[in-house]
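# Architecture at a glance
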Amino acid sequence: MVRLRLYMCITMMATKEPFDLRRPPGPNGWTQMLGLDAKTGPRRVASNLKWLADNQFVDLQPQWGRPSAITLLSGTGDGGVYTQPREDRRYVGMPISFWTNGWLLQLSPTATALLFALREALGGQSEPQYIHTAKRRRYGLSSDTWTKGRKELEAQGLLTVKREPQGDFYDFTRLRNAYQLALGRLDGSPSWS
């Protein structure tokens, strides 16, 4: 959970070449930003930054008397040069209110992953859409993960799932889940219960 939130915050902060943070927050700053416990947060931040560096998502450059500078590396984890996803013409935009209203902190990594997957899969459609199994598999989310994320997004009012018939008059008609995101809900505060 901390790792995903930390990485997403870094990508939101390092937005132009060379995609780095020369003066990043220290462990206590990250702890406060990510809403972690003040006693265990700095250690969790440090260990997750180390994991991101060890797995080549970021490069950490020690700075005397300050937190290590952070440079983003390729999102594939191969240690290559970071390029913004929009340059590859495959990216998912999320309203800034996802970060500013605390949704990043409230949603579990499972729900966050599904939210981004649905945002891409639905392609901005305003009507409920069925997502074929082959398309769902492309995101690498198990059925269990999909269901857990779906329930959380529904509980937060970010997703509506309707049962709609699929097929035409000559086909066998089945009821399938049709998904509709309510991204306007991001403008409000999440339910913290």
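The coordinates are above.
Below is a summary of the structure that appears in this document. The shown structure was predicted, so the numbers you read here are calculated from the model rather than taken from an experiment.

For the rest of this paragraph, the subject is the packing of helix 6 (residues 109-122) against helix 8 (residues 143-155). Where helix 6 contacts helix 8, the two axes come as close as 8 Å, and the packing angle between them is 90°. In terms of orientation, helix 6 and helix 8 fall into the roughly perpendicular class. Contacts from Thr-110, Ala-111, Leu-114, Leu-115 and Leu-118 of helix 6 reach helix 8 at Thr-145, Trp-146, Lys-148, Gly-149, Arg-150, Glu-152 and Leu-153. By residue class, the composition of the contact of helix 6 with helix 8 is six nonpolar, three polar and three charged.

Okay, unusual backbone geometry next. Keep in mind that most residues, glycine aside, have a negative phi and that most peptide bonds are trans. In this model, Glu-17 is joined to Pro-18 through a cis peptide bond whose omega is 10°. With respect to the element layout, Pro-18 can be found in the loop between helix 1 (2-13) and strand 1 (20-21). Positive phi is not limited to glycine here, since Phe-19 has a value of about 55°. At Gln-56, a position not held by glycine, the phi torsion is positive, near 60°. On the secondary structure map, Gln-56 appears in the loop between helix 3 (41-54) and strand 2 (58-63). Overall, Gln-56 belongs to the partly exposed group, its relative accessible area being 37%.

If you walk across this open sheet you meet the three strands as 1-3-2, and the pairing is antiparallel. The open sheet has two free edges, formed respectively by strand 1 and strand 2, since each of these has just one partner strand. Where strand 2 meets strand 3 (residues 66-72), five bridges bridge the pair, whose relative direction is antiparallel. Residue pairing in the sheet places Leu-60 in a bridge with Ile-70 of strand 3. Taken strand by strand, helix 1 contacts strand 1 and strand 3, and its axis lies near 80° from that of strand 3. On the sheet, helix 3 packs against strand 2 and strand 3 and is oriented at approximately 120° with respect to strand 2.

This part covers helix 3. The end-to-end C-alpha distance of helix 3 is 20 Å, a good match for the 20 Å that 14 residues give at a rise of 1.5 Å each. Within helix 3, the full set of buried residues consists of Gly-41, Pro-42, Val-45, Asn-48, Leu-49 and Leu-52. Looking straight down helix 3, one finds its buried side chains confined to an arc of 135°; they lie on one side. Exposed residues lying more than 90 degrees from the buried face of helix 3 are Arg-43 and Asp-54. Where helix 3 is buried, its residues meet helix 1, helix 2 (27-33), strand 2 and strand 3. Gln-56 lies just past helix 3 and shows a positive phi near 60°.

Calculation criteria
- In this convention, every chain numbers its residues from 1, walking through the sequence in written order.
- Confidence filtering applies because this is a predicted model: local features only for residues at pLDDT of at least 70, side-chain atom pairs given and counted only at 80 or more, and all residues used for totals across whole chains, interfaces and linings.
- Excluded from the side-chain calculation are hydrogens and water; included are all heavy atoms of the structure.
- Angles here are taken between N-to-C directions and fall from 0 to 180 degrees, while the axes themselves are lines fitted to C-alpha atoms, restricted in helices to the stretch in contact.
- Under the DSSP-based scheme used, a helix requires at least four consecutive residues in state H or I and a strand at least two consecutive residues in state E, with every element numbered from the N terminus.
- Angle categories are assigned with fixed cut-offs, so that under 35 degrees is roughly parallel, over 145 is roughly antiparallel, 65 to 115 is roughly perpendicular, and the rest are oblique.
- In this analysis, two residues are considered to be in contact whenever any of their non-hydrogen atoms come within 4.5 Å of each other.
- Following the grouping adopted for this structure description, the nonpolar residues are Ala, Val, Leu, Ile, Met, Phe, Trp, Tyr, Cys and Pro, the charged ones are Asp, Glu, Lys and Arg, and the polar ones are all others, Gly among them.
- Three exposure classes are used, based on accessible area relative to the maximum for each residue type with a 1.4 Å probe and protein chains only: buried under 20%, partly exposed in between, and exposed over 50%.
- Two strands pair under a simple rule: DSSP has to find at least two bridges between them.
- By this rule the span expected of a helix is its residue count minus one, scaled by 1.5 Å.
- In this description, one arc is meant: the one made by directions from the helix axis to the C-beta atoms.

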